[in-house]
Amino acid sequence: MTIEAEVFWARLTAAEIQARATPDTVVLIPVASIEQHGPHLAVGVDTVLATAVAERTARRLLAGGTPALVTPTIWSGLAEHHMAFGGTMTLDLATFSALVGGIARSVARHGFRRIALVNGHGGNTEAVASAAIELTRSLGVPVVGLTYWLANADTFGPILESQPNVMHACEAETSMMMALAPDCVRVDRIQAAVPKRFAPPAPPGFKRSRPFAEMTDTGVIGDPRTASAEKGERLLEAAAKRLAEEFSRPELWA
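Residues numbered from 1 in each chain as written. Predicted model: local features only at pLDDT ≥ 70, side-chain atom pairs only at ≥ 80, totals over all residues. Heavy atoms only, no water.

K.L.:
What should I look at first to understand helix α9 (residues 229–247) in this one?
P.N.:
Two residues of an α-helix separated by three or four positions point the same way, owing to the 3.6 residues in each turn. Taking 1.5 Å per residue as the helical rise, α9 with its 19 residues ought to reach 27 Å, and the 27 Å between its terminal C-alpha atoms agrees with that figure. When we look at burial in α9, the residues that qualify are Lys231, Gly232, Leu235, Leu236, Ala238, Ala239, Ala240, Arg242, Leu243, Ala244 and Phe247. (Helix = DSSP H or I, 4+ residues; strand = E, 2+ residues; numbered from the N terminus. Expected span 1.5 Å × (residues − 1). Buried < 20%, exposed > 50% of the residue type's maximum accessible area, 1.4 Å probe, protein only.)

Have a look at this one:
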């Protein structure tokens, strides 16, 4: 791969990064988590998926003439609600906000003027949105915050069979992991991952905190039995296409 085609911040030299600090460059900061994903998926699901969506988005932007970079992924987030199942790492809100803010401030100090927080963990959703608002005010540059599947509610639904969008360790996430990291999927445990009980989500517009152990007996919300690598590839491409379309619009950053 040529230097010009590289999108990962960490694979470039300082001088090469600074050469890309133009007003049009979009810097994507993937934000994720390390947490339980049932008996059939590795705990790094959200980190793998957020990184992949950000990378694919950046490559689409670059192919369309918009310079883009992807910072190292913030791999720990707000996952207290998963702790009871084990294998999970979590931060408190103050630490998480400080971490996201410190990275975004570093990017802005190097002259970049378009920053996107690409979230891949449901527990981070509100915190990422709030961080984008506060950072835009404090940095004086536009910072956009989004959760990739919420930005793709209309594109993900038609691809999935058993659910309308991403849930947790479900058809969608299992499919995307089958496409990206099949060695992290324990296919022989998928049947055991199907919950015998799970609490319905709060109605649209309502939010409350509830430990996952009260919501599901397996740590899974949804049914992963209908997952496939083919669906996963379609979901990833749909996500990247939508995000690249939005990030390439000057109006988003005006």
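K.L.:
Could you clarify how one ought to interpret the packing of helix α3 (residues 93–109) against helix α4 (residues 125–139) in this entry?
P.N.:
Contact geometry of α3 with α4 gives a least axis separation of 10 Å together with a crossing angle of 45°. In terms of axis orientation, α3 runs oblique to α4. The hand of the α3/α4 crossing is right-handed. Residues Leu93, Phe96, Val100, Gly101, Ala104, Arg105 and Ala108 of α3 lie in contact with α4, whose contacting residues are Ala127, Val128, Ala131, Leu135 and Leu139. Grouping the constituent residues of the contact of α3 with α4 by class yields ten nonpolar, one polar and one charged. (Axes fitted to C-alpha atoms, helices over the stretch in contact; angles between N-to-C directions. Parallel < 35°, antiparallel > 145°, perpendicular 65-115°, else oblique. Left-handed = near helix turned anticlockwise from the far one by under 90°. Contact = heavy atoms within 4.5 Å. Nonpolar A, V, L, I, M, F, W, Y, C, P; charged D, E, K, R; others polar.)

K.L.:
Can you help me understand the packing of aromatic side chains in this one?
P.N.:
Taken as a whole, this structure holds four aromatic pairs when the rule is applied. Geometrically, the ring pair formed by Trp9 and Phe112 is tilted, given 5.5 Å between the ring centres and 50° between the ring planes. Here Trp9, found in the segment before α1 (14–18), pairs with Phe112, found in the loop between α3 and β3 (114–119); they are 103 residues apart in sequence, far enough to count as distant. Looking at Trp9, the relative accessible area reads 17%, which means it is buried. With relative accessibility at 0%, the residue Phe112 sits in the buried group. Here the aromatic rings of Phe247 and Trp253 are separated by 6.1 Å at their centres, their planes lie at 45°, and the arrangement is tilted. In textbook terms, an aromatic cluster arises when at least three aromatic residues are bridged by ring pairs, as seen for Tyr148, Trp149 and Phe156. (Phe/Tyr/Trp six-rings, centres within 6.5 Å; stacked < 30°, edge-to-face > 60°.)

K.L.:
Is there a simple way to think about the packing of helix α6 (residues 171–180) against α9 in this case?
P.N.:
To describe two helices that pack against each other, one gives the angle between their axes and the distance between the axes. As a packed pair, α6 and α9 sit with axes 7 Å apart at the nearest point and diverge in direction by 95°. Here α6 lies roughly perpendicular to α9, going by the angle between them. Residues Glu171, Ala172, Ser175, Met176, Met178, Ala179 and Leu180 of α6 lie in contact with α9, whose contacting residues are Ala229, Lys231, Gly232, Glu233, Leu235 and Leu236. Per-class residue counts for the contact of α6 with α9 are eight nonpolar, two polar and three charged.

K.L.:
So what exactly am I meant to see when it comes to the side chain of Asn165 here?
P.N.:
Its place among the elements puts Asn165 in the loop between α5 (153–156) and α6. A relative accessible area of 12% means that Asn165 is categorised as buried. Sequence-distant contacts of Asn165, that is, excluding residues within four places in its chain, are made with Trp149, Ala153, Phe156 and Leu160.

K.L.:
Which parts of the structure should I look at to understand the side chain of Glu171?
P.N.:
Along the chain, Glu171 falls in helix α6. On the accessibility criterion, Glu171 (0% relative accessible area) is buried. A distance of 2.8 Å separates a polar atom in the side chain of Glu171 from the backbone nitrogen of Glu161. Excluding residues within four positions of it along the chain, Glu171 makes contact with Leu160, Glu161, Ser162, Gln163, Asp223, Pro224, Thr226, Ala227 and Lys231. (Polar contact = N/O pair within 3.5 Å; in protein donor to acceptor, adjacent residues only side chain to side chain.)

K.L.:
Can you walk me through the nonpolar core in this structure?
P.N.:
Soluble, globular proteins show a tendency: their nonpolar side chains are buried together. In this structure, Leu28, Val118, Tyr148, Phe156 and Phe247 are the most contacted members of the largest nonpolar core, which totals 43 residues. Each residue touching Leu28, except ones within four places of it in the same chain, is listed here: Ala54, Thr57, Ala58, Leu61, Ala68, Leu69, Val70, Thr71, Ala116, Val118 and Phe247. Counting residues in each nonpolar core, the second largest holds 24 residues, with Trp9, Leu69, Leu78 and Val141 among its members. (Core = buried A, V, L, I, M, F, W, Y, C linked by side-chain atoms within 4.5 Å.)

K.L.:
Can you walk me through the sheet that holds strand β2 (residues 68–70) in this structure?
P.N.:
Neighbouring strands of a sheet are bound in pairs by backbone hydrogen bonds; such pairs are parallel or else antiparallel. Ordered in space as β2-β1-β3-β4, the four strands form an open sheet in which the pairing is parallel. What marks the edges here is a single partner per strand, and that holds for β2 and β4 (143–147). Neighbour-to-neighbour, the strand axes of this sheet turn through a mean angle of 20°, independent of strand direction. Where strand β1 (residues 26–31) lies against β2, three bridges are found, and the strand directions are parallel. (Pairing = 2+ DSSP bridges.)

K.L.:
So what exactly am I meant to see when it comes to the pairing of β3 here?
P.N.:
Looking along a regular strand, one sees side chains alternate from face to face of the sheet. Extensive coverage of β3 is indicated by the burial of six of its six residues. Both faces of β3 are covered, namely the face carrying Arg114, Ala116 and Val118 and the face carrying Ile115, Leu117 and Asn119. Two strands pair when backbone bridges link them, and β1 and β3 are joined in this way by six bridges, in the parallel orientation. Looking at β3, one finds that Val26 is bridged to Arg114. Here β3 pairs with β4 via five bridges, running parallel. Within β4, the residue paired with Val118 across the bridge is Leu146.

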